[in-house]
Amino acid sequence: MRPPRPPGPPPRLGPSHHRRRLLLHLVAVAPLLCFSILTPALAAAAAPPGAATGDATGGEPLVIRTRASAVAAWPATMDTKGVVSEVLKKEPVSDVIALKDSMKYFDANFFNDSKLREMEEGAKEFNVPAFRENRKLVALENGGLHNPSVLLFTSSWSSDSMISETRTFDYPRASALHRPSNDEDIAFMYNPVLEAVVTYTEDLAYKQAKEADDLLAQGKYLGPLHGIPYGLKDIIAVPHYKTTWGSGTFKNQVLDTEAFVYKRLKSAGAVLVAKLVTGSLAYDDIWFGGRTRNPWNIEEFSTGSSAGPAASTSAGMVPFAIGSETAGSITFPAARCGVTALRPTFGTVARTEVMSISESLDKLGPFCRSAVDCAIVLDAIRGKDDGDPSSREVALGDPFHVDITKLTVGYLDDAEMEVVDVLSSKGVKLVPFKLNYTVKSVQSILNITMDVDMLAHFDIWQREGYDDDYEAQDQWPVELRRARLIPAVDYIQAQRARGKLIKEVRDSFTVDAFVGNVTDWEHVCLGNLVGMPVVVVPTGLKSIEDPPKGGTKRRTAVTTGIYAPPDHDHIALALAMAYQSVTNHNKQRPPIDDLGPNDGIHR
């Protein structure tokens, strides 16, 4: 901040100044304007340079008079009618001045004063009452859990993606399984270090585990998730347990409803053991209880709002977890924490009773130890639900029965070449590839879409000032204030540009799948706008930056993405399974409690 200027001598006031002062006094008493005082905007417009209110040069501030004092000061012999007419021609009323000035923030500063007056009157008479009535109907609850938009996005590129009956995948049968002799090899409890769990669902877990055992005793086996523990990102509603959305504002919130994805996992016999950290209101890794850390390097954070599912799965606290993505919240934390994860085709998994950011971008997907596990979990949770109009019964093929030798797979310049080499050795045809599109505004289209949709779901939250209590003030508070300045017209233009992007991507997608960087921001935005599935695949580990002099076991995970067209998740999964069948990067255990004797980082 610069220091204030020293006071200067008062400016000399010429005849034009006094004439303008008289005009200002006249405006103050004119019955047509009905002003009791002059508005700052009008005073500033009429005053000469250096004579505005509170002039920084130390000049005399402009006097703001009441109607009575102005009448007393006005010369009785002055003819006011012509002067008033002249002022009204030159000076719009204050609301119009403010509206005219604000138009530059909407890139619409081309209206004349007459049109602005018309717009002002129309907004007061029609727009504002309609806004208020609609908010009463649908916006008094935060989170977007109810009253979804009728403007639906479908990611399908073909007309035959709808099916009347979903066929389950044909899983390979596991054999010769043995319980590990060491309980530490079953589950690792590192939450005090990682800050990855919001709520343990202990009573529910015991109940569901007993039910799973009872069914087995009766000879009833529900499938590969029968009795398997897991965690849910804490934007997913589970009865009788808090669903905090990671926010201090909602940390005591209990939604006594069942999310669709929870119902599906419960019917598959899975056992919920914890509600896992989401960044506050599903933004990044900061939540009301702290900040979630990366198991592979506990000095850094996990990134992405699905921080808890990624860190918990990576650390072995759960075999799998369900997270969500609007713009990188599956891909970023999976890459940072070195776990396999699937961002499915948009609409594949219904989002009923899940906190919503954007109804045309949000997706639910699994974090697992392998692509095989991702396929198994996807098969359990996919499906349409009436509570989510964007959900579909997607005609996925079976990833366990894909002949990868018949596939042509592209690779981008930023692909991990080990994946390319391995897939090539398995008989896949690999070719250099690039997605061609002319749309330059990919990233801004995503931001406009996400921010406006989020604000619609948290309108009352912002209006009541809860954004002041948000855990990271440079995140949602800033973005959602800016979203107030996005006109409906330009939101729709962004969706039209999105449609153009999708068409160009579809036309240039000349391969069955492609391999590329999974955290490049352009890739992230494009993939989410298109609704494209991607499998995050761990491909190795490398040394951390600036390791301690004595060495450390902490590492940086290296990953890549295998992308497929919408409704072709099975292709990406099959390729990921093929790669992992001859590598062991996804089976490594992070050194959370064994950093090495010379690493003194605080544990």
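Above this text is the structure in question.
The present account deals with the structure reproduced in this document. (Residues numbered from 1 in each chain as written. Predicted model: local features only at pLDDT ≥ 70, side-chain atom pairs only at ≥ 80, totals over all residues. Heavy atoms only, no water.)

**Here we look at the overall build of the protein chain**
Here comes step 1: Counting its regular elements, the protein chain contains 19 helices and 15 strands.
Here comes step 2: Taking as baseline every contact in the protein chain between residues at least 6 positions apart, the subset at least 24 positions apart corresponds to 76%. (Helix = DSSP H or I, 4+ residues; strand = E, 2+ residues; numbered from the N terminus. Contact = heavy atoms within 4.5 Å.)

**Brief notes about the sheet that holds strand 3 (residues 271–276)**
Here comes step 1: Ordered by their spatial adjacency, eleven strands build an open sheet running 1-3-2-8-10-9-14-15-13-11-12, and the pairing between neighbours is mixed. The sheet is open, and its two borders are formed by strand 1 (197–200) and strand 12 (429–432), each paired with just one other strand. Mean inter-strand twist for the sheet, computed between neighbouring axes without regard to direction, equals 30°.
Here comes step 2: In terms of strand pairing, strand 13 (residues 513–516) meets strand 15 (residues 555–563) through three bridges, oriented antiparallel. What sits directly across from Gly516, in strand 15, is Gly561.
Here comes step 3: Contacts between helix 18 (residues 521–530) and the sheet are confined to strand 8 (321–325), strand 9 (340–343), strand 10 (363–368) and strand 15, with strand 9 contributing the most and set at about 45° to the helix.
Here comes step 4: Running at roughly 30° to strand 14 (residues 534–543), helix 19 (residues 569–580) makes contact with strand 9, strand 11 (408–411), strand 13, strand 14 and strand 15 of the sheet. (Pairing = 2+ DSSP bridges. Axes fitted to C-alpha atoms, helices over the stretch in contact; angles between N-to-C directions.)

**A few points about the pattern of salt bridges**
Here comes step 1: A complete count under the given rule lists 26 salt bridges for this structure.
Here comes step 2: Across the pair Arg482 and Asp451 runs a salt bridge whose closest N-O atoms are separated by 3.2 Å. Note that Arg482 is positioned in helix 16 (residues 476–483) and Asp451 in helix 14 (residues 442–457), a separation of 31 residues in sequence.
Here comes step 3: When its relative accessible area of 45% is taken as the criterion, Arg482 is described as partly exposed.
Here comes step 4: Residue Asp451 is classed as buried on the basis of its relative accessible area of 1%.
Here comes step 5: A salt bridge links Lys553 to Asp594; the shortest N-O distance between them is 2.7 Å. One end of the pair, Lys553, is in the loop between strand 14 and strand 15; the other, Asp594, is in the segment after helix 19, and 41 residues separate them in sequence.
Here comes step 6: Accessibility expressed as a relative area gives 40% for Lys553, which makes it partly exposed.
Here comes step 7: Linked through salt bridges whose partners overlap, the residues forming this network are Asp95, Glu120 and Lys124. (Salt bridge = Lys/Arg side-chain N within 4 Å of Asp/Glu carboxyl O. Buried < 20%, exposed > 50% of the residue type's maximum accessible area, 1.4 Å probe, protein only.)

**What to know about the packing of helix 17 (residues 488–508) against helix 18**
Here comes step 1: Contact geometry for helix 17 and helix 18: axes closest at 10 Å, N-to-C directions at 95°. Accordingly, the angle class assigned to the pair helix 17 and helix 18 is roughly perpendicular. Two secondary-structure elements touch here, helix 17 through Arg498, Leu501, Ile502 and Val505 and helix 18 through Leu526, Asn528, Leu529 and Val530. (Parallel < 35°, antiparallel > 145°, perpendicular 65-115°, else oblique.)

**What about the packing of aromatic side chains?**
For any pair of aromatic rings, the description consists of the separation of the ring centres together with the inter-plane angle of the planes.
Here comes step 1: Following the criterion strictly, the structure yields 17 aromatic pairs and no others.
Here comes step 2: Between Phe153 and Phe346 the ring centres are 5.2 Å apart and the planes differ by 50°, which places this aromatic pair in the tilted class. Highlighted residues: Phe153 in the loop between helix 6 (113–138) and helix 7 (191–194) and Phe346 in the loop between strand 9 and strand 10, separated in sequence by 193 residues. You'll find Phe153 and Phe346 in the same group, each marked buried. (Phe/Tyr/Trp six-rings, centres within 6.5 Å; stacked < 30°, edge-to-face > 60°.)

**Points about the packing of helix 5 (residues 94–102) against helix 6**
Here comes step 1: In the contact formed by helix 5 and helix 6, the axes pass within 9 Å of each other and the chain directions differ by 100°. Between helix 5 and helix 6, the angle is such that the two are roughly perpendicular. Counted together, Asp95, Val96, Leu99 and Lys100 of helix 5 and Asp113, Leu116, Arg117, Met119, Glu120 and Lys124 of helix 6 form the full contact between these two elements.
Here comes step 2: Of the residues that constitute the contact of helix 5 with helix 6, the class distribution is four nonpolar, no polar and six charged. (Nonpolar A, V, L, I, M, F, W, Y, C, P; charged D, E, K, R; others polar.)

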